[in-house]
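Descriptive structure summary
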Amino acid sequence: MSPENLYRTIHQYSKDLIRTEDMKKLQEIAKDCCKVKNYVYGRYGGIGGLKKIYPGYTVQNEMTESGFREELGLPSVYFYLAIFDALRDIKGQWTKTKCRISSLAGRHEDFGEKEKHYLRFLLKTNNAFEAVLNQRQVQKIKLPKEIQKQYHTLAEAVDTEKMNRYLCRQVRKYHIRLHTEVVNGFSISERAYRYGMDGEQQGIYISTKESRKRIFVSLTDNNQYQCQLYIKLRPEESAIEIDIPVSMTVRHHEDYKNQVGLSMGMFTMLTTDAGHRYGEALGHYQTEYAEWMRRQTAIYHRNRGANPGRKKYEARKKRYLEQLHSYINHELNRFFQTEKPGTVYIVKLPHSQAGGVNRKINNSSSLWQRGYIRKRLALKCKEQSIEFIEVLGKDISQECSQCGAFGQKEEGIFVCYACGYRVEEKTNAARNAWKRGQTGRAIFGTR
C-alpha cells in the first residue's frame, strides 16, 4: 500500500526591510488579485454560476475571453490562481449553505423521513441541486443510472414541488455572495518566482507586473521549494511572510498499541486515565500571558486619545504565543513518546460559555489555548497513524468512573458517595472518556 500523505504549512520570512517602491509593486499585485476575486464572486457566486464552478475550467475559459486580465495588466501566473482561489471560496460557501439547510431540514417538525431524505439527496447531488434552484426539471438532466433511479423513487414519495420551493427559499435566505477587501497577500505559482543569490544574500525573486522585472527579497533561511506559495504582505513592517504547503508521510509505529483516555485542563494540559500528567506548567504560561494582556488592555484604554502605537504590543504578544505553543507541542511529543497510544479518547469540549462574575478568571478562560491544543493533538495523531476519537462530554466530570453514579468534586478530588471511590478529578474524567470510547459513546473518530 502506498504511504498516506498529509500537508502542513511552513513559513519563510523576509530578512531585510523591503524597499517602499518594491512593497508598492507587491501591493499592486495583491489589489489586482482582489479585484479578480470580486469579479469571480459577483459573476459566479450565485445560483446561475453553480453549473460552471465544478470543476471550474468553464470559468477559466470565460474569464480568459472577458479581457479582464488585459484590462488590469496582471500576469497570467497571478490571474488564474486568483480565479481558482475565488472558486475554492465559492465552493466552500456553498458547502456552508448546504450544511445549514440540511441541519434546518433535519429539525423541521412538519417533514417526515421521506421529505428529509429527498432534501438530503438534492443537497448531495450537485446536478439535481442546481436544476432545482434554476427552475429546471431534474428528470431532464443527465445523472448516472443508479442515481436517476434513486431520484425517481424518492420523488414519487413526496410533494416535489413543495420540497423544491422550500429548498429555493432557504438558499435565498442563507446563501451569501462573497466579497472581499483584503489586499494583504496573493498566491504565486512556480513560474512567478525563483530562489537565488543577490551578492552574498540568499533569497527569492518575485515577478512583478512589469515584463521581465523581478523583486529580490532576502530570506532568513536558505531553504528552497518548488510548489505554489502564498505571499503575505506586511507593509507596516516592510516585510513579507511566505506560506509553503509541504507534504508529509504518515508514520506507523508497531509499538503504538495502547488505548488512552484523556482529559484536558487549563492548568494541567492533559491528564491520562492512568493519572499521568503532561503540560503541568501550562497554567503558569497562560496566567502570565493573561495578566500581561489585561495590563496592556488597561494601558491602551487609558491612552487611547493619544493614539498609542501597537507595534511593540503585537511583537510581545507574538513572543508570548510562540513560547506557549512551543511548550504545548513539546509536551504533546512527550505524551506520544511515553504513552505510545494506538487510540486516543478525548472529551468533546462544549463551546465557550458566557462570562461569570470574576473578570480575571473570565480573561484567563478566554485566552485558554484549548482549540490550539486539540488541533495540534488531532494533527499529530494523523501524522503518527493514531486513531483520534472524541467522546460525548455531558456530565463526564460528575460521573464516577468506577460505578457510574454521580459524585462531587472537593478541592480537585472527585468523591463518589455511592461506592466510596476517590480520585483526582481530571483522572476520573479521563477514565470516563476511555469508558465512553470503549462503549461506543463517541461523536466521531479519525485516523
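To continue, consider the environment of G275. Inspection of the secondary structure puts G275 in the loop between β9 (270-272) and β10 (277-278). Separated by 167 residues in sequence, G275 and H108 place their C-alpha atoms 45 Å apart.

Right, let's get into the confidence of the model for the protein. In the predicted model, the protein carries a mean pLDDT of 89, and the fraction of residues at 70 or more is 92%. Mean pLDDT values for the elements of the protein range from 56 in helix α11 (residues 359-366) up to 97 in helix α1 (residues 20-44).

Now for the sheet that holds strand β4 (residues 201-207). Strand order in the open sheet made by the 3 strands is β3-β4-β5, with antiparallel pairing throughout. Both edges of this open sheet fall to β3 (193-198) and β5 (214-218), since each of them pairs with a single strand only. When the angles between neighbouring strand axes are averaged without regard to direction, this sheet yields 35°. Relative to β5, β4 is paired through 5 bridges, and the arrangement is antiparallel. Directly across from S207, in β5, lies its bridge partner R214.

Time to look at the environment of Y289. Assignment of secondary structure puts Y289 in helix α9 (residues 282-302). On a C-alpha basis, the gap between Y289 and K25 in space is 38 Å, while along the polypeptide they are 264 residues apart. Filtering out sequence-adjacent residues up to four positions away, Y289 remains in contact with K317, Y320, L321, L367 and Q369.

We now examine a positive patch on the surface. On the surface, a cluster of positive charge is contributed by R294, R295, R316 and R319. For the positive patch, the elements supplying multiple residues, two or more each, are α9 and α10 (311-339). Given the relative accessible area of 33%, R294 is considered partly exposed.

What follows deals with the packing of helix α4 (residues 76-107) against helix α8 (residues 160-174). For the pair α4 and α8, interaxial distance at closest approach is 10 Å and the crossing angle is 125°. Viewed along their axes, α4 and α8 adopt a mutual orientation that is oblique. The chirality of how α4 crosses α8 is right-handed. Judged by residue contacts, W94, T97, R100, I101, L104 and A105 of α4 engage Y166, L167, Q170, V171 and Y174 from α8.

Formed by 69 residues in total, the largest nonpolar core has its most connected members in V36, Y78 and I240. The element best represented in this core is α4, accounting for 11 residues. Once you skip the residues sitting within four places of it in the chain, V36 turns out to touch M63, F68, L72, L74, F79, A82 and I83. Counting residues in each nonpolar core, the second largest holds 25 residues, with M264, Y327, I373 and L377 among its members.

With respect to topology, 3 strands assemble into an open sheet ordered β13-β14-β15, the strand pairing being antiparallel. The open sheet has two free edges, formed respectively by β13 (408-410) and β15 (422-424), since each of these has just one partner strand. Averaged over all neighbouring strand pairs, the angle between strand axes comes to 30°, with direction disregarded. Of the strand pairs in this sheet, strand β14 (residues 413-415) and β15 are connected by 3 bridges, and their pairing is antiparallel. Of the residues in β15, the one forming a bridge with I413 is E424.

Per the counting criterion, the structure on display carries 0 disulfides. Among the cysteines around C33, which has no disulfide bond, C34 carries the closest sulfur, lying 8.9 Å off. Using a relative accessible area of 5% as the deciding quantity, one classes C33 as buried. The cysteine C400 is free of any disulfide, with C416 supplying the nearest cysteine sulfur at 3.7 Å.

Here helix α13 (residues 425-438) contains 14 residues, and its C-alpha end-to-end distance of 20 Å stays within 8% of the 20 Å for a straight helix at 1.5 Å per residue. Measuring from the backbone nitrogen of K426 back to the side-chain oxygen at the start of α13 gives 3.0 Å, which picks out E424 as the cap.

This brings us to the pattern of salt bridges. Counting across every chain of the model gives 21 salt bridges. Between E161 and R165 there is a salt bridge, with the nearest N and O atoms lying 3.2 Å from each other. Note that E161 and R165 are positioned in helix α8 at a spacing of 4 residues, about one turn of the helix. For R165, a relative accessible area of 44% gives the class partly exposed. Salt-bridge contacts for R436 lead to E399; the nearest nitrogen and oxygen are separated by 3.3 Å. You can see R436 sitting in helix α13 and its partner E399 sitting in the loop between β12 (387-391) and β13, a full 37 residues away along the chain.

How each quantity is defined
Residues numbered from 1 in each chain as written. Predicted model: local features only at pLDDT ≥ 70, side-chain atom pairs only at ≥ 80, totals over all residues. Heavy atoms only, no water. Helix = DSSP H or I, 4+ residues; strand = E, 2+ residues; numbered from the N terminus. pLDDT = per-residue confidence, 0-100. Pairing = 2+ DSSP bridges. Axes fitted to C-alpha atoms, helices over the stretch in contact; angles between N-to-C directions. Contact = heavy atoms within 4.5 Å. Patch = residues over 30% accessible without salt bridge, like charges linked within 9 Å, V, L, I, M, F, W, Y side chains within 5 Å. Areas by Shrake-Rupley, 256 points an atom, 1.4 Å probe, with all protein chains shown as cover. Salt bridge = Lys/Arg side-chain N within 4 Å of Asp/Glu carboxyl O. Lys, Arg positive; Asp, Glu negative; His and termini not counted. Charge placed at Lys NZ, Arg CZ, Asp CG, Glu CD. Buried < 20%, exposed > 50% of the residue type's maximum accessible area, 1.4 Å probe, protein only. Parallel < 35°, antiparallel > 145°, perpendicular 65-115°, else oblique. Left-handed = near helix turned anticlockwise from the far one by under 90°. Core = buried A, V, L, I, M, F, W, Y, C linked by side-chain atoms within 4.5 Å. Disulfide = S-S within 2.5 Å. Expected span 1.5 Å × (residues − 1). Polar contact = N/O pair within 3.5 Å; in protein donor to acceptor, adjacent residues only side chain to side chain.

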